[in-house]
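# Overview (structure and organization)
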Amino acid sequence: MIDIHCHILPGMDDGSADMKESLNMARKAVEAGITHLFATPHHLNEKYVNVKSNIIDRAVRLNESLQEANIPLTIHLGQEVRIHRDIFTSLEKEEILTLDDNGTYILLELPSGKVPTYTLEVIYELLLKGITPIIVHPERNKELIANHKLLFELVQEGALTQITSGSIIGNFGKSIQSFSKKIIKHNLAHFIATDAHNIGSRGFTLQQAYETITKTYGIQRTYYFKENAEQLLNDQSPTIEKPLPFKKKILGIF
Ligand code: FE
């Protein structure tokens, strides 16, 4: 399996602390059936600044260490970029790293509490530059939880989304789990990824999430997500299903 979002690079953010932990995470990822990982350290969130050149250096080193340790896992380049007014300055300075450095997709993180007023504008500007933003874990954003229609608008604008595997299996609570399922049901999710930070509570739960998706929506939906991750890896466009709008709330049912 392919995981497009995780914090496995050593000493960059709140994920792996050092190379030893990165190798332990890699072993767990392999045990969990993962063969390719996009390493996506935080960038421009309030705590961490991790520019492209530093991520590339660290990813090269991790790939070398994986080979030395005979761990059959390949690390791909990526970055989790917090939405920010300075994102375009950072892009001009070549600090932003698209997935596999291909210039076509980035992981875009919203602050957990809200959707900034300039979000649609940033999505639009990125698309103009040929970069498609993949909004990570929208199911954990408080404003989107309160206003599902806003997520529909972001996807209509051209953003893709990635649901975190732990959200689907209930690791972040019932309401986030139920919103995750609604997002999938309305064709507003395009990828599933672990967003793994460690080998404990934030681990590699991709297989469990796919099992839940298969049980709830059938195997075709699981294939859809797996194929989309493969398309990214192969530098091809993922399949985008037509988003379905949320109906008006009637008797408490969406
Ligand atoms: Fe993350």
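Residues numbered from 1 in each chain as written. Predicted model: local features only at pLDDT ≥ 70, side-chain atom pairs only at ≥ 80, totals over all residues. Heavy atoms only, no water.

### A short note on helix α9 (residues 206–217)
For α9, built from 12 residues, the straight-helix expectation of 16 Å at 1.5 Å per residue is met to within 8% by its first-to-last C-alpha distance of 16 Å. Of the residues making up α9, those classed as buried are Leu206, Ala209, Tyr210, Thr212 and Ile213. Along the axis of α9, the buried residues cluster in a sector spanning 160°; they form a single face. The secondary structure elements touched by the buried residues of α9 are β1 (2–6), α7 (165–168), α8 (174–185), β9 (191–193) and α10 (219–233). Downstream of α9 by a residue or two, Gly218 has a phi angle that is positive, lying close to 100°. (Helix = DSSP H or I, 4+ residues; strand = E, 2+ residues; numbered from the N terminus. Expected span 1.5 Å × (residues − 1). Buried < 20%, exposed > 50% of the residue type's maximum accessible area, 1.4 Å probe, protein only. Arc of directions from axis to C-beta. Contact = heavy atoms within 4.5 Å.)

### So, the pattern of salt bridges
Within the structure shown, the criterion is met by 8 salt bridges. In this structure, Arg82 and Glu46 form a salt bridge, with 3.4 Å as the shortest nitrogen-oxygen distance. Placement of Arg82 in strand β5 (residues 80–82) and of Glu46 in the loop between β3 (42–43) and α2 (52–68) is noted, with a sequence separation of 36 residues between them. Given the relative accessible area of 12%, Arg82 is considered buried. Given the relative accessible area of 76%, Glu46 is considered exposed. A salt bridge links Glu241 to Arg221; the shortest N-O distance between them is 3.4 Å. (Salt bridge = Lys/Arg side-chain N within 4 Å of Asp/Glu carboxyl O.)

### Structural notes on the nonpolar core
Among the nonpolar cores identified, the biggest contains 61 residues, and Ile8, Leu37, Leu73, Ile75 and Ile192 are the most heavily contacted of them. Per element, the largest residue contribution to this core is 5 residues, and it comes from helix α6 (residues 148–157). In this structure Ile192 touches Gln162, Ile163, Ser165, Ile168, Leu206, Ala209, Tyr210, Ile213 and Phe225, once residues within four positions along its chain are discounted. Of all hydrophobic cores here, the second largest spans 14 residues; its members include Ile134, Ala193, Ala229 and Leu232. (Core = buried A, V, L, I, M, F, W, Y, C linked by side-chain atoms within 4.5 Å.)

### Notes on the coordination of the iron ion
For a metal with four donors in a tetrahedral arrangement, the ideal angle between donors is 109.5 degrees, while six donors in an octahedron ideally sit at 90 or 180 degrees. Every protein donor of the iron ion is listed here as His5 (NE2), His7 (NE2), Glu80 (OE) and Asp195 (OD), and their distances to the metal cover 2.1 to 2.2 Å. For the iron ion, the 4 donor atoms are set out with angles of 81 to 164° between them, so the coordination reads as irregular. Here the donor residues of the iron ion are spaced in sequence according to H-x1-H-x72-E-x114-D. Remark: Asp195 occurs in the loop between β9 and α9 and His5 occurs in strand β1; sequence separation between them is 190 residues. We classify His5 as buried; its relative accessible area is 0%. Note on Asp195: relative accessible area 2%, which makes it buried. (Donors = N, O, S within 2.8 Å, 3.2 Å for Na, K, Ca; no water. Tetrahedral: all angles 85-135°; square planar, octahedral: opposite > 155°, others 65-115°.)

### Concerning the packing of α8 against α9
With their axes 12 Å apart at the nearest point, α8 and α9 run at an angle of 60° to one another. Judged on the interaxial angle alone, α9 and α8 are oblique. In this structure, the crossing between α8 and α9 has a hand that is right-handed. Contacts between α8 and α9 involve Lys181, Ile184 and Lys185 from the first element and Thr212, Ile213, Thr216 and Tyr217 from the second. Residue composition of the contact of α8 with α9, grouped by class: 3 nonpolar, 2 polar and 2 charged. (Axes fitted to C-alpha atoms, helices over the stretch in contact; angles between N-to-C directions. Parallel < 35°, antiparallel > 145°, perpendicular 65-115°, else oblique. Left-handed = near helix turned anticlockwise from the far one by under 90°. Nonpolar A, V, L, I, M, F, W, Y, C, P; charged D, E, K, R; others polar.)

From the geometry alone we can't say anything about function, so treat these as descriptive.
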